[in-house]
Amino acid sequence: MRHVQGRARRAGAALAAVLTWAGLLAGCTSGSTGGIDLGGLGKPPAPEDVIRVLPDDNSKGVRQDTRFLVRVPSGRLESVEVVKAQDAQETPVSGHISDDGLRWEPDEERLALAAEYTVDVVALDGHGRRSARHTTFTTYVPDERFIGYVSPENRSTVGTGMIVSLEFNREIENRTAVERAVHVTSEPPVEIRPHWFGKGRLDFRPERYWKPGTQVTVGLRLRDVEAAPGVYGLQYKTFSFTVGRSQVSLVDAAKHTMQVRREGELLATVPITAGAPRTTTYNGKMVVSEMLEVTRMNSRTVGFGGEYDIPDVPHAMRLTDSGTFLHGNYWAPNAPGKVNVSHGCVGLRDVKGGGSGTPAGWFFDRSLIGDVVEVVHSNDKKVAPDNGLGGWNMGWKEWKAGSAVK
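Residues numbered from 1 in each chain as written. Predicted model: local features only at pLDDT ≥ 70, side-chain atom pairs only at ≥ 80, totals over all residues. Heavy atoms only, no water.

Whenever I open this one, the environment of Arg245 confuses me. Can you help?
Among the secondary structure elements, Arg245 is positioned in the loop between strand E20 (236–243) and strand E21 (247–252). A relative accessible area of 17% means that Arg245 is categorised as buried. What Arg245 contacts, discounting residues up to four positions off in sequence, is Gly159, Thr160, Pro212, Arg262, Glu263, Arg366, Ser367, Leu368 and Asp371. Among the polar contacts listed, one links the side chain of Arg245 to the backbone oxygen of Arg366, at a separation of 2.9 Å. Within the local environment of Arg245, its side chain forms a polar contact with the side chain of Asp371, the two groups lying 2.9 Å apart. (Helix = DSSP H or I, 4+ residues; strand = E, 2+ residues; numbered from the N terminus. Buried < 20%, exposed > 50% of the residue type's maximum accessible area, 1.4 Å probe, protein only. Contact = heavy atoms within 4.5 Å. Polar contact = N/O pair within 3.5 Å; in protein donor to acceptor, adjacent residues only side chain to side chain.)

Structure below.
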């Protein structure tokens, strides 16, 4: 009896198996699994298990050198779209998917600071099932920033002696990184090299004066460059300027004259007065860096006592940061061409208020920022290369040695 019951149980089990497979086949035919595991697929995995994103979703204060990576353990990535929101602007982030389809990495090695990144990914897992994931993270916001003030001004037309000069508002400890982030190019091309003056100033120039008509472009890629511990750049800008005609003026302090040459040809010889015996004018090449129709000159602002305070100096053109100007002189009208009476400036005859028909007015109207004024035969030293745009007083080899990039 037990034998008969055992066979009955086995028959019932076989029948149940047949019915089960029939149900599976029927279920497959109807397009529904009815919750039954087919081939071990089961319930689709969560998107975060299929698609892994670093940094983690909702991360805050992510550092610049943190690795940014999207990957799948198996299957392949179909699409990865990343958008960077910074300074109220959204920018797509370029990147590339590996040949095996398992990972995506950005083209830029470092993350931007003070930015929000949005990541949208579509991928297939190892069983061909599609998943999508959306994540965000924000990067570190620096407490301290630095910027560079550029001369000449954007879109200006300058003389052939112009030197590109950047003055930074913070001391630059990592000069190599900052120098590499500044790009100065020209059309037609010419070799342009940088030179550091201390930790706060970076100048660029070619070996010789620019050729007239040259177009110069200055690219500041300082954004997020670390100049000192915890101090990061803020600018990502492009400036440009045009080199105008050539004008070089030679001041002979002993002869009390200035020869003005345009494109190498003598335009005029103008009588001047230079520095008096006790307050001589620097020798050397100086570049016009500022032009003022009228300005006040006070001796106390340049290291003298109370020798003078003239509220309306006409046709003033700055030659050095220390206070050397070439300007109109109406208070000593008989000095130009005869005697040196200034406190270090170069004076041209003028009238109170400035006159266009005077030597000073004539020269002012024909000058540009970036023009060269060279002083010779003065009983003084040569102007320092960092006093104004005095870099032309340095030899090319020495100039190139001032680069931080070796």
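More follows now that the structure is in view.
Help me out: how do you make sense of the sheet that holds strand E27 (residues 325–329) in this one?
Backbone-to-backbone hydrogen bonds join strands into a sheet, with any given pair of strands oriented parallel or antiparallel. Across the sheet, four strands lie side by side as E25-E26-E27-E28; this open sheet has mixed pairing. The open sheet is flanked by strand E25 (290–298) and strand E28 (346–349), the only strands paired with a single partner. Strand after strand, the sheet turns through a mean of 40 degrees between neighbouring axes, direction not considered. In terms of strand pairing, E27 meets E28 through four bridges, oriented parallel. Within E28, the residue paired with Leu326 across the bridge is Val346. (Pairing = 2+ DSSP bridges. Axes fitted to C-alpha atoms, helices over the stretch in contact; angles between N-to-C directions.)

Before we go on, may I ask you to explain the nonpolar core in this structure?
The tendency in soluble globular proteins is for nonpolar side chains to be buried as a group. Core analysis: the largest hydrophobic core is formed by 34 residues, its most contacted members being Phe168 and Val178. Looking at this core, the elements that each hand over two or more residues are strand E13 (164–168), strand E14 (182–187), strand E15 (192–197), strand E16 (201–206), strand E17 (215–221), strand E18 (226–228) and E20. Contacts of Val178, omitting those with residues within four sequence positions, involve Phe146, Phe168, Ile172, Trp196, Leu222, Val225 and Ala227. In this structure, Val288, Ala360, Val373 and Val375 belong to the second largest nonpolar core, which totals 20 residues. (Core = buried A, V, L, I, M, F, W, Y, C linked by side-chain atoms within 4.5 Å.)

Which parts of the structure should I look at to understand the pattern of salt bridges?
Oppositely charged side chains can pair when the atoms bearing their charge come close. Counted under the stated rule, the structure contains 16 salt bridges. The salt bridge involving Asp224 is made with Arg145; its shortest N-O contact spans 3.2 Å. In this pair, Asp224 sits in the loop between E17 and E18 while Arg145 sits in strand E10 (residues 144–146), placing the two residues 79 residues apart along the sequence. Assigned by exposure class, Asp224 and Arg145 land together as buried. The network of salt bridges with shared partners includes Asp87, Arg145, Arg223 and Asp224. (Salt bridge = Lys/Arg side-chain N within 4 Å of Asp/Glu carboxyl O.)

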